Structures are given as structure tokens and as C-alpha cells.
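If you want the building blocks of each chain, they are given just below.
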Amino acid sequence: MEEQATVSAADIARIAGVGRAAVSNWRRRYGDFPPPVGGTASSPLFSLVHVEHWLRERGKPVEISLGDRIWQRLRNLGDDLSLGLRVGRVGSYLSRPGAWTFSPRYDDVELFELVDRFADEQGPRGAFEFLCERYVEAHSRRLSVTPEPVAALMARLIGPEPGVVLDPACGLGTLLLASGGTRLLGQVDDPATSCIAAHRLLLAGADMEMYGADALSMDSYEGVLADAVVCDPPFNEREWGYDDLVGDPRWEYGQPPRGEPELAWVQHCLAHVKPGGLVAIRMPPAAAGRRTGRRIRGNLLRAGALRAVVTVGGADLWLLRRPEPGERPPSRVLLLADPSTVEEQWTAHLRGVEVPGAVRIIDLLDEEIDLSPLRYQARDEHAGEAFLEVRKRFDGIRPELPSLAVSDEKPAFTTIGELLKSGLLIVPESVEEGDVVASPAVPAYVHSGETVTVEPTMSKYRTDPERLDAAFLAGCLRAAGQVAPTSSTRIDLKRTRIPRLPIETQRAYGAAFTRLAAFEDALREAAESGLELVRLGLTGLTEGQLRPGN
């Protein structure tokens, strides 16, 4: 089976520790690069054995992790159409080892021996999460996964202790995992996806229930009312069952138009939350202003069900609250184009406090009922003074790029894993001043200040300062994070290449890395201040608080 294992271009990039572009260059430049053995012209597959041999022949470090070996073996047990079922079967094995029944027809003995070893290293949940990440990468065009920052924000907006949480289009269970609910109810239209989601929840220790069916056409939770609902439904689906669902009792606020399936999902979510319960649903921006949906949007506003629309990461979050019987509807709805203050404003808005982003509902009930947040940004009554203040800050930013010279010297390399084995690095329990902290999502940095405990997802390292400079190490890790193929790629930090340099040279490099990081921070601050200047300048000129100068 090992000899038959195949890898994609993305897999090769990960194995070699390079970007996808480097693999494309190798294929063009080197006539002896292993030819494809399968896949398609746009997504070719290569022999893993041949690729490993080719890389080693050229002195390129090759270190295939146990998790990646399991993944490649899993992929090669069948076609990609059944890959989700195979991943789900591994999840079933990891989540219910005592109840597992081995099937010679479906299961590879050696694969599950490797899975056992991997689970001993990473824990059952960590091992399965690794395979789920690889599955998402392999099916990125077919699977839509809610970005983790958005999922975390949605979870916070439904409250810290939501109780029973339902996601009727749960995908791989990302929103349910983030929600913090005491009982998690999920449904998704694909059986393989529902299987993977169920085992993710089980391995997280959740009290859960999961169904594999489309929630609009086959509601598995009919009559069930959750404490909160989160949802990131599929956008712009034309075949959502419009003809079969005409007059459905869930359409309390109006029959969703054929081309507005998202408004069907909104009403489905409201139908499954208790009176006073909250709904956070991700929506396409067009849903806030399409003419065909204005009647439903108007009814949601008049009833007091739709409480906020917030633009987050290229989409909108609609925040709803199912009205209590006899409750007086609110007079304002929160419309925010900038999500940075949404948590504070949302909490105050729910209490009835008037906040800057709140717009009078009566002003929205026109021919369009357009709820696009950009259209109703709160006017800054002090734009003139604010413009001058931001201008002072902007003028004071002086990014300084460190002096760097071209070098022809190619150093030898080691890895984080080798440094750990040699004792130059240790992994501490907590983070003290001078320790290096990193993760795939956060640029590496040298910690300063009091001793702290960081999130389990963060990696932490303590160097031997006489042999390994912390700022040098942080810079190398920061560089590794910038060349990841995609933002969703899981980076194995232990495989990060570190140049072998004398300690004095390391310290010089560390100082340069530190100055580059400061340069990056200054550039980011300048960009943010510059955009704020543009916004305040436009507002100030329009509102008469600024005028053209000399």
C-alpha cells in the first residue's frame, strides 16, 4: 500500500516545506520530476515513493509525519467520492474504541495500527482533527467551512452559556464546537459530512445529536426548540425545495421567494428557537437588499425578530431574537459595517440602550427595506477634530526598514524537532519572559512581561540563551508562517527549518528579525490610520466639518 500512495501538489509542498509555486516551478524546470500517476490535468496526483526519492536525490529535507502517512494511506484506499465515509469511519473508531467492529471488507489493519500510534501521540481528538483538516484541504471547493474567527464571534454573540444549541446546516460541526452549548443538535444534508461532524463532537466530549438530511426538506428536529441557533447555510442554492414547501408553517414572516433560500433558513432557525432565544446566521450581503426579499425583511423588522445586521469577513451576520408573546417590538435595529465593536454594542442594544450603530426601524420601512450596513453607517459628528487627531498620529509613524545585504552563503539547516531532541529547546508548562510563542494563526513572538498560560493551540519554546537566540528563533518561525500555502493549512512547527549559525550571528539575525517585525507593525498602523483618515475626510467634507485647504 505504501508503494501505491499518491500525493497532490499541495501535499508535496507540505512535505518539502515550500509553497505551491515552488512545486509548479520544479515540474517546469526539471525533466526528471516524477510524472503524474493519476488525478486530473488540473489536480494531478504523484507517487509518494517517487516524490520522496526525487526530493532526497536533490538534498531536500523530507520528513513525512505520521499523520500525513495516515492521511495518504486513507486517501489511497478508494476514490475521493467515498473519502468522507472513510474519514468518518476513523472517527468512529477513535470515538468509540470499545464498541468498534472491524470489517475486513472496509478496513485496513495497518492503517488502524498507525491511527493507534497517532492517537497515542496527539490524543484521539487531536488525531481526528488533523485528518479533518486534511479532508477540508482536499475538498476545499466542495466544502464550505465557517472561518474560525467568525465562528468564535457568532458563539460569543449568542451568549456565554447558551444551553441547547442547534445548527441545522452544521457542515463539519465548526459552529457547534465553538458555541459552548451544553447539548449540541446538528443536521447536514450529506451523510458522510454528518458522520464526520458527529465524531468531532463526540471526541470533544459533547452531549450531541446528529442527522444526515437536508433540514429544509426533511426537518429532523420538528417541534424542537433550542436555547440558541447558529447557522452558516449554503448560499444561492436554487434547488432548495421551493415547490414542495409552499405554505410551510415555518414561513411565519412570509413565503421565501424561489431565489431567496437564505430567507428560508432564517425562518427555519427562528422556528427552532425558544421565545427570547437568539439566532446568529451567516448571510450573503445581497440578502440585505434584494428587492424580492423586502416583504420578509419588513415583517422581521416590524415583529422585532431581526435585531442586527453586521458585516464580517465578506458576509453579513444576521442576529435575531424570537419575540416573547405580547412583547413590544424594539424601535431600532443595529446595522454595523465595522464588526470591531459589535459585541459591546450588541449587548447594550439587547438591553434597549441606544448605541451609535442603531437605526430607527421606521426609517427603513420604505420601498426597498435595504438593511445593508454600509448604507447606514453612523455619522461621525466629530469627524473634523478626529481627522486632525488621526493625521497627527499618521504623520508620526516612521517605518524603518533594517539594512540588509545580499548574501551568497547557504547555511546548513536543522529543525525545531532536532533542536528539541538536542536540548537547545524545551517546551515549558507556562510562558516566561524570553520564551518564544507561536501558532499557525499568530506570528511568532518573544514573550515579555509576567509569566502567563497560553492557549493549548499555541506552541511555546524556551531556548538555551548561550546557544540559541530567542529573537532569531521567533523570526525563523514567523517566516515559516508567512509561506504557508493557504490560511487554512496546518503548519507542523516542529519541521520548521532553522539555519545553523553561531550564537553571535544568530543575535545579529535576531535583531534584524525584530526590526522587520517593528517595520511590519508600523506599516500596519500606517495603513489602518490612513484608511481612517480617508473615512473621516469623506465624512467631514460631506457633513461640512472639513473644507479643502491650501
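Calculation rules
- Residues numbered from 1 in each chain as written.
- Predicted model: local features only at pLDDT ≥ 70, side-chain atom pairs only at ≥ 80, totals over all residues.
- Heavy atoms only, no water.
- Buried < 20%, exposed > 50% of the residue type's maximum accessible area, 1.4 Å probe, protein only.
- Helix = DSSP H or I, 4+ residues; strand = E, 2+ residues; numbered from the N terminus.
- Pairing = 2+ DSSP bridges.
- Right-handed = clockwise from strand over helix to strand, strands pointing away.
- Core = buried A, V, L, I, M, F, W, Y, C linked by side-chain atoms within 4.5 Å.
- Patch = residues over 30% accessible without salt bridge, like charges linked within 9 Å, V, L, I, M, F, W, Y side chains within 5 Å.
- Areas by Shrake-Rupley, 256 points an atom, 1.4 Å probe, with all protein chains shown as cover.
- Salt bridge = Lys/Arg side-chain N within 4 Å of Asp/Glu carboxyl O.
- Lys, Arg positive; Asp, Glu negative; His and termini not counted.
- Charge placed at Lys NZ, Arg CZ, Asp CG, Glu CD.
- Contact = heavy atoms within 4.5 Å.
- Axes fitted to C-alpha atoms, helices over the stretch in contact; angles between N-to-C directions.
- Parallel < 35°, antiparallel > 145°, perpendicular 65-115°, else oblique.
- Left-handed = near helix turned anticlockwise from the far one by under 90°.
- Polar contact = N/O pair within 3.5 Å; in protein donor to acceptor, adjacent residues only side chain to side chain.

Q: Can you walk me through the pairing of strand 7 (residues 226–231) in this structure?
A: The side chains of a regular strand alternate, first on one face of the sheet and then on the other. Within strand 7, 5 of the 6 residues are buried, which leaves it mostly tucked inside the rest of the structure. Sheet topology note: the strand 4 (residues 164–167)/strand 7 ladder contains 2 bridges and is parallel. Bridge assignment links Val-165 to a residue of strand 7, and that residue is Ala-228. Two elements, strand 7 and strand 8 (residues 273–283), share 5 bridges in a ladder whose sense is parallel. For Ala-226, the partnering residue across the bridge sits in strand 8 and is Val-273. In this region the chain leaves strand 7, passes through helix 10 (residues 261–271) and returns to the parallel neighbour strand 8; the handedness of that crossover is right-handed.

Q: Even after reading the chapter, I still don't get the nonpolar core, so can you show me in this structure?
A: Buried together is how nonpolar side chains tend to be arranged in soluble globular proteins. Counting residues in hydrophobic clusters, the biggest one holds 41 residues, and the most contacted among them are Leu-270, Ile-281, Leu-300, Trp-318, Leu-320 and Leu-371. Among the secondary structure elements, those contributing two or more residues to this core are strand 7, helix 10, strand 8, helix 11 (294–303), strand 9 (306–312), strand 10 (315–321), strand 11 (332–336) and helix 13 (361–364). A per-element tally of this core places helix 10 first, with 6 residues. Formed by 33 residues, the second largest nonpolar core is a distinct cluster that contains Met-154, Cys-170, Met-210 and Val-342.

Q: Sorry if this is basic, but what is going on with a negative patch on the surface here?
A: On the surface, Glu-113, Asp-116, Asp-120 and Glu-121 cluster together to form a negatively charged patch. Tracing the backbone shows Asp-116 in helix 6 (residues 109–138). The class of Asp-116 is partly exposed, set by a relative accessible area of 34%.

Q: Explanation requested: unusual backbone geometry in the structure shown.
A: Glycine aside, residues mostly have negative phi, and peptide bonds are mostly found in the trans state. The backbone phi angle of Asn-236 is positive, close to 60 degrees, even though this residue is not glycine. Looking at the element boundaries, Asn-236 is found in the loop between strand 7 and helix 10. Phi at Ile-369 takes a positive value of approximately 50 degrees, unusual for a residue other than glycine.

Q: What exactly am I supposed to notice about helix 4 (residues 66–75) here?
A: For helix 4, the buried fraction is high: 9 of the 10 residues fall into the buried class. Within helix 4 the residues assigned to the buried category are Leu-66, Gly-67, Asp-68, Ile-70, Trp-71, Gln-72, Arg-73, Leu-74 and Arg-75. Along its buried surface, helix 4 packs onto strand 1 (6–7), helix 1 (9–16), strand 3 (44–47), helix 3 (48–57), helix 5 (83–95) and helix 6.

Q: Teacher, can you tell me more about the environment of Tyr-30 here?
A: Examined against the element boundaries, Tyr-30 turns out to sit in the loop between helix 2 (20–29) and strand 2 (38–39). With relative accessibility at 27%, the residue Tyr-30 sits in the partly exposed group. Sequence-distant contacts of Tyr-30, that is, excluding residues within four places in its chain, are made with Trp-54 and Arg-58.

Q: Can you walk me through the packing of helix 4 against helix 6 in this structure?
A: Helix-helix packing is described using two parameters, namely the angle between the two axes and the distance between the axes. The geometry of helix 4 relative to helix 6 is characterised by a closest axis approach of 8 Å and an angle of 70 degrees between their N-to-C directions. Judged on the interaxial angle alone, helix 6 and helix 4 are roughly perpendicular. Viewed along their axes, helix 4 and helix 6 form a crossing whose handedness is right-handed. Where helix 4 abuts helix 6, its residues Leu-66, Gly-67, Asp-68, Ile-70, Trp-71, Arg-73, Leu-74 and Arg-75 lie against Glu-110, Leu-111, Leu-114, Val-115, Arg-117, Phe-118, Glu-121, Phe-130, Leu-131, Arg-134, Tyr-135 and Ala-138.

Q: Help me out: how do you make sense of the sheet that holds strand 10 in this one?
A: Backbone-to-backbone hydrogen bonds join strands into a sheet, with any given pair of strands oriented parallel or antiparallel. Strand order in the open sheet made by the 9 strands is 6-5-4-7-8-10-9-11-12, with mixed pairing throughout. In this open sheet, the two edge strands, each paired with only one partner strand, are strand 6 (208–212) and strand 12 (358–360). This sheet shows a mean twist of 15 degrees between the axes of neighbouring strands, independent of strand direction. Of the strand pairs in this sheet, strand 9 and strand 11 are connected by 3 bridges, and their pairing is parallel. In the sheet register, Val-310 faces strand 11, and the bridge partner there is Leu-336. Strands in contact with helix 12 (residues 342–350) are strand 8, strand 9, strand 10, strand 11 and strand 12; relative to strand 11, the strand with the most contacts, it is inclined by about 175 degrees.

Q: Sorry if this is basic, but what is going on with the side chain of Asp-11 here?
A: Tracing the chain through its elements places Asp-11 in helix 1. For Asp-11, a relative accessible area of 4% translates into the label buried. For Asp-11, the side chain forms a polar contact with the main-chain nitrogen of Ser-8, separated by 2.9 Å. Look past the residues within four positions of Asp-11 in its chain and what remains in contact with it is Trp-71, Gln-72 and Arg-75.

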